[in-house]
Amino acid sequence: MTGIRRSRRRSTGALDAIEAPDNVEMLVGVVTVTLLVEFLGVVSGSPVWHLGLLIFLPSTASALCTVGQTRFVAVWTTLVITLTTVVRREGDGRWLDGILLVLFTIVLGTTSVYACHRRINREREMLRLRSTAAAMQRHILHPLPLVTDDVLVNGVYEPVQEDRLVGGDIYDVVASPWGTRVLIGDVQGKGLAAVGAAFAVIGAFREAAYREPTLTALVDALDAAVVRHNMYAEQTGDDERFVTALIIGVDTDTEAQVVNCGHVPPWLVHDGGVTTPDTDPGVPLGLAELSAEPTTVHWFDFPAGSTLLLTTDGLTETRDHDGTFYPADDRVTSRLALPATELPQALYEDARAFTDNAAQHDDFAVLTVRRTPRV
């Protein structure tokens, strides 16, 4: 998983040390600005007027520095303006201007220190929230790569909203008594309601994948979880959701099982070629009662050393500025020489380049499931 884990800083000092300039850099900057303003005052012949430029030093420091550094800048600015006003006053008529300038500097400096204190507190609180969210995310979507006795799973996961650690695309891997079960899914729609449905499916998958001996029973349990979630959503006034999903089972046999619940079919990469296993897409999770067809399990060859490439429509429905769809089949074929662990990132970067790095319009998830022989 890329770009979504952040370590927790343990104190305000650690926060300041990371986000603020060090004391030497701050001191050099303040002295440089002071000397520059003094020079402009001498050249222009109006030093007191140019001293007004120094008043804004504390406000600048409040946005960039620590509280202690901002306090130092405020005191420094006040002393410089006071001494310059006293030493360079030009007659009694300039005393009032100097006094007002000093008072204004003190007020602005005090305000800047307070503003810096508020900024540091907000940043610390956001850091706590992000740290908590990251910890929750590690339990909701396990960090990649994931390894079992049967497969190595790696990939790229990018929610459409950068400030959200979990989106509508989901994945999980469970090592069960009946082999490894792999899930990739896509919740209908976006927003917090979609995330709620994603949590419901992941929780049900982790419990049922270990309990149910067959993929059909596992899929039935996932469908029931989405139905229960929709019942709760209806009671609370939220929209009902369905979930497209691929559920794959891999064990010691050379074949693998797959149930396609209305999802993007997988690609099978083996011996320098790529094929699409027959998955016969069924209905999405949450809509099983609308279909008269039973859940169907398909089998396909999945020998050691081969790789399954799983994705959501965040890849296949990517469009450029002209509305042209991303040619996923061609781009996958052209990148077969890459190691399986590098293929998801290569496809993600290529898809972004295809759209000229425009903002994402959907969550993005690409996984590779590399078959490993049991020792």
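Residues numbered from 1 in each chain as written. Predicted model: local features only at pLDDT ≥ 70, side-chain atom pairs only at ≥ 80, totals over all residues. Heavy atoms only, no water.

Describe helix H4 (residues 57-64), with residues and values.
All buried positions along H4 are accounted for by Leu57, Pro58, Ala61 and Ser62. Along the axis of H4, the buried residues cluster in a sector spanning 140°; they form a single face. (Buried < 20%, exposed > 50% of the residue type's maximum accessible area, 1.4 Å probe, protein only. Helix = DSSP H or I, 4+ residues; strand = E, 2+ residues; numbered from the N terminus. Arc of directions from axis to C-beta.)

Provide a residue-level description of the packing of aromatic side chains, including the pertinent values.
By the definition in use, this model includes five aromatic pairs. Here the aromatic rings of Phe300 and Phe302 are separated by 6.2 Å at their centres, their planes lie at 45°, and the arrangement is tilted. Residue class for Phe300 comes out buried when judged on its relative accessible area of 7%. What makes Phe302 buried here is its relative accessible area of 0%. Ring geometry for Tyr348 against Phe364: centres 4.9 Å apart, planes inclined by 65°, an arrangement best described as edge-to-face. With a gap of 16 residues between them, Tyr348 in helix H11 (residues 343-354) and Phe364 in strand S11 (residues 364-371) connect regions that are remote in the sequence. Exposure class is identical for Tyr348 and Phe364. Each is buried. (Phe/Tyr/Trp six-rings, centres within 6.5 Å; stacked < 30°, edge-to-face > 60°.)

Before we move on, can you summarise the nonpolar core with the specific residues and values?
Core analysis: the largest hydrophobic core is formed by 50 residues, its most contacted members being Ile247, Leu285, Phe302 and Leu310. The biggest single contributor to this core is helix H7 (residues 192-211), with nine residues. In this structure Leu285 touches Val201, Val219, Leu222, Asp223, Val226, Phe242, Val243, Ala245 and Cys261, once residues within four positions along its chain are discounted. Listed in part, the 16 residues of the second largest apolar core include Trp267, Leu315, Ala351 and Val366. (Core = buried A, V, L, I, M, F, W, Y, C linked by side-chain atoms within 4.5 Å. Contact = heavy atoms within 4.5 Å.)

If you had to explain the pattern of salt bridges to someone new, which residues and values would you point to?
Opposite charge on two side chains permits pairing when their charged atoms draw close. Counted under the stated rule, the structure contains seven salt bridges. A salt bridge links Arg206 to Asp172; the shortest N-O distance between them is 2.5 Å. Of this pair, Arg206 sits in helix H7 while Asp172 sits in strand S3 (residues 169-176), placing them 34 residues apart in sequence. A salt bridge links Arg211 to Glu207, with the shortest nitrogen-to-oxygen separation between them at 2.3 Å. In this pair, Arg211 and Glu207 are both assigned in helix H7, four residues apart and thus about one turn of the helix distant. Among the charged side chains, a network of salt bridges with common partners joins Glu207, Arg211 and Glu212. (Salt bridge = Lys/Arg side-chain N within 4 Å of Asp/Glu carboxyl O.)

Tell me about unusual backbone geometry, and please be specific about residues and values.
That bond from Leu144 to Pro145 is cis: its omega, 0°, falls within 30 degrees of zero. One non-glycine residue, Asp271, lies in positive phi territory at about 55°. Relative to the assigned elements, Asp271 resides in the loop between strand S7 (267-270) and strand S8 (273-275). In this structure Asp271 comes out as exposed when scored by relative accessible area, which is 72%. Although it is not a glycine, Asp280 sits at a positive phi angle of roughly 45°. Structurally, the position occupied by Asp280 is in the loop between S8 and strand S9 (298-301). The class for Asp280 is partly exposed, based on a relative accessible area of 47%.

I'd like a rundown of helix H8 (residues 215-236), residues and numbers included.
If you check H8, its first and last C-alpha atoms are 32 Å apart, about what 22 residues at 1.5 Å a residue would give, namely 32 Å. The positive-phi residue at the C-terminal boundary of H8 is Gly237, with phi of around 85°. (Expected span 1.5 Å × (residues − 1).)

Before we move on, could you go through the sheet that holds strand S10 (residues 307-311) and cite the residues and values that matter?
Across the sheet, six strands lie side by side as S1-S2-S11-S10-S7-S8; this open sheet has antiparallel pairing. Only two strands of the sheet have a single neighbouring strand rather than two, namely strand S1 (146-147) and S8. Looking at chain direction, S7 and S10 are connected through three bridges and run antiparallel. Across the sheet, Val269 pairs through a bridge with Thr307, a residue of S10. Sitting on the sheet, H11 is in contact with strand S2 (151-158), S10 and S11, with an inclination near 155° to S11. (Pairing = 2+ DSSP bridges. Axes fitted to C-alpha atoms, helices over the stretch in contact; angles between N-to-C directions.)

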